[in-house]
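Observations on the three-dimensional arrangement
Residues per chain are reported as follows:
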Amino acid sequence: MAINLEIDGKAVQVEGGQTVMDAANKLGIFVPHFCYHKKLTIAANCRMCLVQVEKAPKPLPACATPATEGMKVQTHSTQAVDAQKGVMEFLLINHPLDCPICDQGGECQLQDLAVGYGGSASRYQEEKRVVVNKNLGPLISTDMTRCIHCTRCVRFGQEVAGIMELGMAGRGEHAEILAFVGKTVDSEVSGNMIDLCPVGALTSKPFRYTARSWELSRRKSVGAHDSLGSNLVVQVKQDRVMRVLPLENESLNECWISDRDRFAYEGLNAEDRLQRPMVRRASGWAECDWAEALDIAARGLKDAVAKHGPEALGTLLAPNLSVEEFHLAAKLARGLGSDNVDHRVRQSDFRAKPAGAPWLGMPVSDIASLKGVMLVGCTLRKEQPLLSTRLRAAAKKGLEVHVVHVVDDDLLMPVASRRIVKPSTLVDALRDSASRLEGEGRKAIILGHYAQQHPDFAALLATAHEIAGNTGATVGILPEGANSVGAHLAGAVPTKGLDAHAMISTPRKAYILAGLEADLDCAPGAGKALAGAEFVVALAAYRNQAFDHAHVVLPIAPFTETGGTFVNMEGRAQSFNAVVKPLGESRPAWKVLRVLGHMLGLPGFEAETLEAVRAGIAPDLQAWATKGLGNTAPGSISPKGGAGGLERIVEVPIYATDAIVRRSQPLQKTTDAKNASVARMSAATYASLGLGAGDHVKLRQGGGEAILAAAIDAAVPEGCIRAARSIAETASLGEGPLSAERIAMERAAE
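All residue numbers refer to positions counted from 1 along the written sequence of the respective chain. This being a predicted model, a pLDDT of at least 70 is required before a residue's local features are given, and a value of 80 or more before pairs of side-chain atoms are given or counted; all residues contribute to the totals for chains, interfaces and linings. With hydrogens and water excluded, all non-hydrogen atoms of the structure serve as input to the side-chain values.

Labelled according to an unreviewed UniProt entry, the protein chain appears under the name NADH-quinone oxidoreductase, originating from Usitatibacter palustris. UniProt positions are given in the numbering used here, feature names are shortened, and annotations may be inferred rather than shown by experiment. Taken from UniProt, the Sequence similarities (unreviewed entry) comment for the protein chain reads in full: "Belongs to the complex I 75 kDa subunit family." Its UniProt record, at the heading Function (unreviewed entry), says of the protein chain: "NDH-1 shuttles electrons from NADH, via FMN and iron-sulfur (Fe-S) centers, to quinones in the respiratory chain. Couples the redox reaction to proton translocation (for every two electrons transferred, four hydrogen ions are translocated across the cytoplasmic membrane), and thus conserves the redox energy in a proton gradient."

1. Observations concerning the overall build of the protein chain
Here a strand is any run of E in DSSP of at least two residues, a helix any run of H or I of at least four, and the numbering for each starts at the N terminus. From N to C terminus, the protein chain includes 26 helices and 32 strands. The atom set for the radius of gyration is the C-alpha atoms, and the globule formula is 2.2 Å times the number of residues raised to the power 0.38. Whereas a compact globule of 750 residues would reach a radius of gyration of roughly 27 Å, the protein chain reaches 28 Å, a difference of no more than 12%. Each of the three principal axes of the protein chain carries a C-alpha extent, and together these read 90 × 60 × 55 Å. With 750 residues in all, the protein chain has 59% of them scored as buried. For every residue, the accessible area obtained with a 1.4 Å probe (protein chains only) is divided by the maximum for its type, and the residue is called buried under 20%, exposed over 50%, and partly exposed between those limits.

2. Structural notes on the domain arrangement of the protein chain
What fixes the domain bounds is an automatic or database domain assignment. Each assigned domain of the protein chain is listed with its residue range as follows: domain 1 (2–93), domain 2 (278–352 + 484–628), domain 3 (364–477) and domain 4 (647–743). Between the C-alpha centres of domain 3 and domain 4 there is a distance of 25 Å. Contacts: residue pairs with any heavy atoms within 4.5 Å of one another. With 16 residues of domain 3 at the interface, the matching set in domain 4 holds 15 residues. Accessible area that two parts lose when put together, evaluated with a 1.4 Å probe and summed over both, is termed the buried area. Summed over both partners, the interface of domain 3 with domain 4 buries about 1200 Å², with 53% contributed by carbon and sulfur atoms. The largest share of the area that domain 3 buries against domain 4 comes from Lys 382, Lys 422 and Gln 453, three residues that together contribute 40% of it. What counts as a salt bridge is simple: a side-chain nitrogen of Lys or Arg found within 4 Å of a carboxyl oxygen of Asp or Glu. For the interface between domain 3 and domain 4, the tally reads two salt bridges. Each polar contact in these results corresponds to two N or O atoms within 3.5 Å; when the atoms are within protein, one needs to be able to donate a hydrogen and the other to accept it, and residues that are neighboring in sequence are counted only if both atoms are side-chain atoms. At the junction of domain 3 and domain 4, the tally comes to five residue pairs in polar contact (both at pLDDT 80 or more). Contributing elements (two or more residues each) for the side of domain 3 that touches domain 4: α9 (380–383) and α12 (449–453).

3. Considerations on the pattern of salt bridges
Tallied over the full model, the rule gives 45 salt bridges. Ionic pairing is found between Arg 146 and Asp 143, a salt bridge with its closest N-O pair at 3.3 Å. Note on accessibility: Arg 146 and Asp 143 belong to one class, buried. Three or more residues joined by partner-sharing salt bridges are found here, namely Asp 272, Arg 346, Glu 480, Glu 517, Asp 521, Arg 662 and Arg 663.

4. A look at unusual backbone geometry
Residues other than glycine seldom take positive phi values, yet Asp 8 does so here, at roughly 50°. Considering the arrangement of structural elements, one finds Asp 8 in the loop between β1 (2–7) and β2 (10–15). Even without a glycine there, the phi angle at Ala 44 is positive, about 55°. Structurally, Ala 44 can be placed in the loop between α1 (20–27) and β3 (50–53). Taking relative accessible area as the criterion, Ala 44 reaches 14% and is therefore assigned buried.

5. A word on the state of the cysteines
Two cysteine sulfurs form a disulfide in these notes if their separation is within 2.5 Å. According to the stated counting rule, one finds zero disulfides in the structure shown. Looking at the unpaired Cys 35, the closest cysteine sulfur is the one in Cys 46, lying at 3.7 Å. Residue Cys 197 stays outside any disulfide, its sulfur separated by 6.1 Å from that of Cys 150, the closest cysteine. Since its relative accessible area comes to 9%, Cys 197 is described here as buried.

6. A closer look at the UniProt feature "domain: 4Fe-4S Mo/W bis-MGD-type" (unreviewed entry) in the protein chain
The UniProt record annotates "domain: 4Fe-4S Mo/W bis-MGD-type" (unreviewed entry) at residues 216–272. Across residues 216–272, the secondary structure splits into 9% helix and 35% strand, with the terminal C-alpha atoms separated by 26 Å.

7. Looking at the nonpolar core
Of all hydrophobic cores here, the largest spans 97 residues; its most connected members are Phe 34, Met 48, Phe 156, Val 373, Leu 375 and Val 401. Setting aside chain neighbours within four positions, we find Met 48 in contact with Pro 32, His 33, Phe 34, Gln 84, Val 87, Met 88, Leu 91, Leu 113 and Tyr 117. Counting residues in each nonpolar core, the second largest holds 80 residues, with Leu 301, Met 503, Val 536 and Ala 618 among its members. The term nonpolar core refers to a set of buried residues drawn from Ala, Val, Leu, Ile, Met, Phe, Trp, Tyr and Cys, joined through side-chain atoms within 4.5 Å.

8. Thoughts on the pairing of strand β25 (residues 564–567)
Along a regular strand, successive side chains alternate from one face of the sheet to the other. Judged by which residues are buried, β25 turns out to be covered on both faces: Gly 564 and Phe 566 on one side and Thr 565 and Val 567 on the other are all buried. For two strands to be treated as a pair, DSSP must find at least two bridges joining them. Relative to strand β26 (residues 573–576), β25 runs antiparallel, the two sharing four bridges. Looking at β26, one finds that Val 567 is bridged to Ala 573. Hairpin connection, β25 to β26: the antiparallel pair is bridged by five residues, and Gly 571 has positive phi, about 85°.

9. Quick look at helix α8 (residues 323–335)
Look at α8: 18 Å from first C-alpha to last across 13 residues, which is about the 18 Å you get at 1.5 Å a residue. Burial of α8 is extensive: ten of the 13 residues sit out of reach of the surface. Within the sequence span of α8, burial applies to Val 323, Glu 324, Glu 325, Phe 326, His 327, Leu 328, Ala 329, Ala 330, Leu 332 and Ala 333. Helix span, expected: 1.5 Å multiplied by one less than the number of residues in the helix.

10. Some details on the packing of aromatic side chains
Two rings from Phe, Tyr or Trp (for Trp, the six-membered ring) form a pair when their centres are within 6.5 Å of each other. A pair whose planes differ by under 30 degrees is stacked, one over 60 is edge-to-face, and the rest are tilted. Inspection of the entire model under this criterion finds three aromatic pairs. Ring centres of Trp 285 and Phe 547 lie 4.9 Å apart, and the angle between their planes is 50°; this geometry places the pair in the tilted category. Of this pair, Trp 285 sits in strand β14 (residues 284–287) while Phe 547 sits in helix α18 (residues 546–549), placing them 262 residues apart in sequence. Taking relative accessible area as the criterion, Phe 547 reaches 11% and is therefore assigned buried. The cationic tip of Arg 243 hangs over the ring face of Phe 207; the distance from NZ or CZ to the ring centre is 4.3 Å. For a lysine, the NZ atom is tested; for an arginine, the CZ atom; a charge sits over a ring if that atom is within 6 Å of the ring centre and within 35 degrees of the ring normal.

11. Points about the sheet that holds strand β12 (residues 240–246)
Strand order in the open sheet made by the three strands is β10-β11-β12, with antiparallel pairing throughout. Unpaired on one side and paired on the other, β10 (217–222) and β12 mark the two borders of the sheet. Put simply, the sheet's adjacent strands are angled 35° from each other on average, direction ignored. In terms of strand pairing, β10 meets strand β11 (residues 231–237) through six bridges, oriented antiparallel. Directly across from Ser 217, in β11, lies its bridge partner Val 236. Every axis corresponds to a line fitted to the C-alpha atoms, with the helix fit spanning only the stretch in contact, and the corresponding angles, defined between N-to-C directions, vary from 0 to 180 degrees.

12. Describing the side chain of Glu 325
When you line up the elements, Glu 325 lands in helix α8. Residues scored as positive are Lys and Arg, those scored as negative are Asp and Glu, and His as well as the terminal groups of each chain are ignored. No salt bridge forms around the buried Glu 325; measuring N to O, its nearest opposite-charge neighbour Arg 614 is 9.7 Å away.

13. What about the sheet that holds strand β23 (residues 535–540)?
What the seven strands build is an open sheet, ordered β14-β13-β24-β23-β22-β15-β16; its pairing is mixed. Each edge of the open sheet carries a strand with a single partner, namely β14 and β16 (341–342). With five bridges joining them, strand β22 (residues 510–514) and β23 adopt parallel strand pairing. Looking across to β23, one finds that Ile 512 is bridged to Val 537. Lying over the sheet, helix α7 (residues 290–308) contacts β13 (278–281), β15 (313–317), β22, β23 and β24 (552–555), oriented at roughly 130° with respect to β24.

14. Comments concerning the packing of helix α4 (residues 152–161) against helix α10 (residues 385–396)
The interhelical angle for the contact between α4 and α10, taken along N-to-C directions, is 80°, at an axis separation of 9 Å. In terms of orientation, α4 and α10 fall into the roughly perpendicular class. Packed against α4, whose contacting residues are Gln 158, Glu 159, Val 160 and Ala 161, the element α10 presents Thr 389, Arg 392 and Lys 396 at the interface. For the contact of α4 with α10, the per-class residue count stands at two nonpolar, two polar and three charged. Angular relationships are summarised with four words: roughly parallel below 35 degrees, roughly antiparallel beyond 145, roughly perpendicular across 65 to 115, and oblique for the angles in between. In the scheme used here, Gly and all other residues not listed as nonpolar or charged are polar, with Ala, Val, Leu, Ile, Met, Phe, Trp, Tyr, Cys and Pro taken as nonpolar and Asp, Glu, Lys and Arg as charged.

Written as structure tokens, this is what we have:
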């Protein structure tokens, strides 16, 4: 029902249930506030938004006052402004006068509103209260004396992040915001509390005391660490990335970003960052100029192909390269006659042959309209943090969430049903869960990152399509990396050649690696395959295992130092520009590939600008991307068979997804990162191995071994051990049967 009212003499119409604040916002009238936020519930505890309402005996809070028919409101009348000034005086009574040293200075709501509503001097003569700071972890710094108790941080945790990590204790002047005893703030979206805080109580610990807001240049970019494509504002000072903040986009990331997107920038300028080309000489590695490095790379590739044939070349690409880089890399490999090109470096089952680029199957914003969703092999909170917040909001409004997975991690949302099984029986569990999606309404089956890395991914996908055919559900896939969809579209997948797993299991004589750390990103055995190659060219931003086996290393720029295009999980093409200059003599990968292709004498490498490369792909990248999407049913595919015995649950931890994230020290100090190197198992499995407090476990798999701290985890099925991949501690573990033995604490320390 529409409601008509008047604010400051201007007529406005709002929907029933909306507030005076909503009406004022619709008119573009600013009402001062602190606790109100459009994405959070109403608290009405700061009282800064008091306004005069006709016939009301006293000023009312605009954020909590329902709009009624015929209401007349004054937001800047004498009564309203006097009330607002009175509230400001109380807010400033205990507030420290430390704006010159406060990190929030220059972008502080309290500072801004104090100019218009604060007095020139304080009438308060008593001692001000002091609140002891809290340790909330490596990401959030506290100065709690500045807190005005707006409770935005508390409500964000409860309503958006799904977990109450902060709360308010005490009353009156003894009230304060606290974490639970001995706990830190560990949510994967915790950094948004920093943005929400209207004062300097919660600030960024990595950014603390490094720059002032007015010293920073602000440039738009796109998230490079998952396939949502969050819109970012990257803030720069003296050609160095200083901070990353969300750029509001309601249809994608709303006004949030994940901690991975927010704090990964700390890894951009790590100590092992490559700044000059390097070649292997008889005496070892040596720096050289670009002309020499490219000449050696071109001659080495040409000689390897001439000697062993084009099929002897393998090209492995990271899933977070840009569309332009994928296009040039695939063109270079095929120009040399090789179709062995792939970006699916963590996948092992390639029996399903997608006709189009695998994608979510719907716009991200459509999740809110679903009536039921089945998450298959998906640890959603860690794989796609902001998609999790959307699903959580929808679940609160009635969306039925069903889980079929190998671990029972808490999704922090209502779950209608869950089926937690061993990895070897995941396909059967999915088939047995088909009835969960029966009923009316729009439904979806979403396969996560774990499902795609599962040895029976093709069978999982086929079963999902079979269920979808019977229930009317949509099948969606959560692509890995920032640009897996774009990689498919740009041809960075083989048509008849070898897939990524086959290029490792049946080693090639020559390799091109781009953006990868082979020991952490590729299939087990990558190091052995590279060691046996006659020639390896690595395009990398950092020193990594490639130095053990490569012959030429070409330093490439990360996404902040180059332009390009990412295609996200919903098929949206988003182009971005460099925000800083390339470090040292590193160069954008598209430039390196273009020059390398030109030196090899291949056609199609004449473009000298990024725009020209882009135009060579398609005149309209969005139309090109939309046309190429497709989660095609692969037909009937049977599971490969049960594993039997002890099984390993292999996942990529949230802060080990790519080279930049792995080098971000703040992220590596989080609880999530620390827990990544722990072998987790059920109490029964723990006891069967004879483990006790403080013991470690030695895992052996595929000819490799790893010693990890052991812990009991009720989320892990019996007969399984949860041991992550893409971390140094487990890099030597391979595939196949798993064995485990107890290592006493004393032996592990040795």
